[in-house]
Amino acid sequence: MSRRSEAQRSEAARPRVAVIGAGSWGTTFGKILADGGANVTMWARRPELAHEINEAKRNSGYLPGINLPREMSATHHLAEALAGAEQVYLSVPSQALRENLKAVRALVADSDAPIVSLMKGVERRTGLRMSQVIEQELHCDPSRIAVASGPNLALEIAREQPTAAVISSTSQETADAVARRARNRYFRSFVNTDVIGTEFGGVLKNLIAVAIGIVDGVGYGENTKASIITRGLVEMTDFAVAQGAHPETLQGLAGLGDLIATCQSPLSRNNTAGRLLGQGYDFQDVVKQMQQTAEGLASVAPVLQLAREVGVEMPIVEQVKMVLDGTMDPRDIAPHLTTDDDTPQGERTQNGQAGGGGALWRSLQRALDQFRNGGRGPSGDRP
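## Overview of helix H5 (residues 97-108)
1) Next: Helix length check: H5 (12 residues) gives 15 Å between terminal C-alpha atoms against 16 Å at 1.5 Å per residue, within 8%.
2) Next: The set of residues buried in H5 consists of Leu 97, Arg 98, Leu 101, Val 104 and Val 108. For H5, the angular spread of buried residues about the axis comes to 110°, placing them on one side. Opposite the buried face of H5, by more than 90 degrees, sit the exposed residues Glu 99 and Ala 106.
3) Next: Of the surrounding secondary structure, the elements contacted by the buried residues of H5 are helix H4 (78-82), strand E4 (87-90) and helix H6 (130-138).

## Regarding the environment of Pro 151
1) Next: Here Pro 151 shows up in the loop between strand E6 (145-149) and helix H7 (154-158).
2) Next: Setting aside its immediate chain neighbours within four residues, Pro 151 contacts Thr 163, Ala 164, Leu 253, Gly 257, Asp 258 and Ala 261.

## A look at the pattern of salt bridges
1) Next: Under the counting rule described, the total for this entry stands at 18 salt bridges.
2) Next: In this structure, Arg 70 and Glu 71 form a salt bridge, with 3.7 Å as the shortest nitrogen-oxygen distance.
3) Next: Residue Arg 70 is classed as exposed on the basis of its relative accessible area, which comes to 62%.
4) Next: A relative accessible area of 15% means that Glu 71 is categorised as buried.
5) Next: As a salt-bridge pair, Asp 216 and Arg 275 come within 4.0 Å of each other at their nearest N and O atoms. Of the two residues, Asp 216 sits in helix H9 (residues 195-218) while Arg 275 sits in helix H13 (residues 269-278), which places them 59 residues apart along the sequence.
6) Next: One salt-bridge network, in which partners are shared between bridges, spans Arg 98, Lys 102, Arg 105, Glu 123 and Glu 137.

## So, the environment of Leu 276
1) Next: Checked against the element boundaries, Leu 276 lands in helix H13.
2) Next: Overall, Leu 276 belongs to the buried group, its relative accessible area being 11%.
3) Next: The sequence separation of Leu 276 and Val 210 amounts to 66 residues, and the corresponding C-alpha distance is 9.7 Å.

About the criteria used
- Residues numbered from 1 in each chain as written.
- Predicted model: local features only at pLDDT ≥ 70, side-chain atom pairs only at ≥ 80, totals over all residues.
- Heavy atoms only, no water.
- Helix = DSSP H or I, 4+ residues; strand = E, 2+ residues; numbered from the N terminus.
- Expected span 1.5 Å × (residues − 1).
- Buried < 20%, exposed > 50% of the residue type's maximum accessible area, 1.4 Å probe, protein only.
- Arc of directions from axis to C-beta.
- Contact = heavy atoms within 4.5 Å.
- Salt bridge = Lys/Arg side-chain N within 4 Å of Asp/Glu carboxyl O.

Scope: geometric values only; no functional claims are made or implied.
In structure tokens, the structure reads:
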């Protein structure tokens, strides 16, 4: 057999996947999948971007200096991108997801391919998580839907710096299938079945990152930021658990891991948006200056509405909204100082019991139990 025919057979043997959305994260995840052994077809809204990916193997507007694998191609025709795809990854702005899915629905109606959300936001009008919007618009079984989250700054991963993510689905089989595809020598996927916690971790850390950006823009130092990050994790855990999440998910890659990466990196869009607010720009000016979507800005109002409905206090997110609305001077932001009264408070989360130490303590106990059981746990991140 000739070397050319061997290469053609090898190419044909690679599974075919589609990535809908060719921004920085969609393109980076396409690279992850291609480097993991898949043939990847990207859908790009703009024909000129599809042409650049095909011809130059570059996406210079979103990932400058990154060479894309030859196993990646692109098209601006949705049907062409989805034809024969064994897995479908969605990476469009969260507020545009529903509209995009209306065009996708008929093209995946006869398929049982897993649908994977790469988005970290809630729908402003409904407060729904992205997996819920997917379920509604595609009329598909939730067990077919997965979400990916974690400390995933796109440009770092595109540069092949080692990192990890978590793939979550109500179906262990779906989570495992996606995780096996989304891994390579520099990227490892863990799995869990706590979709609520995984999605809200990815949403809520954006809001805390905006707060960190604000105090950074004002000029406050590491003590202020560390206080907000720590109390921010408590707010994230309280909120997510009240929505039905497992607290240990918020201590994993989709919660604490993503929070650290997003809050400390200048590559974070939400951190950048917050920094501009802290420097005195108003909301509209920030939106104009941002070349990419900062999902946290759109998620503040619906998250606070959901928090009020379940009786969870979120002073950090409340103060972020006040800065966004122009009703608070960024220099006055100090949500870690906010208390109902002058009575000294414990550090535990609101959902904790007085004798049980709260969600963080229960998470530690579960980790110890998993250690005793050889690393097996009911729903925590695992490889």
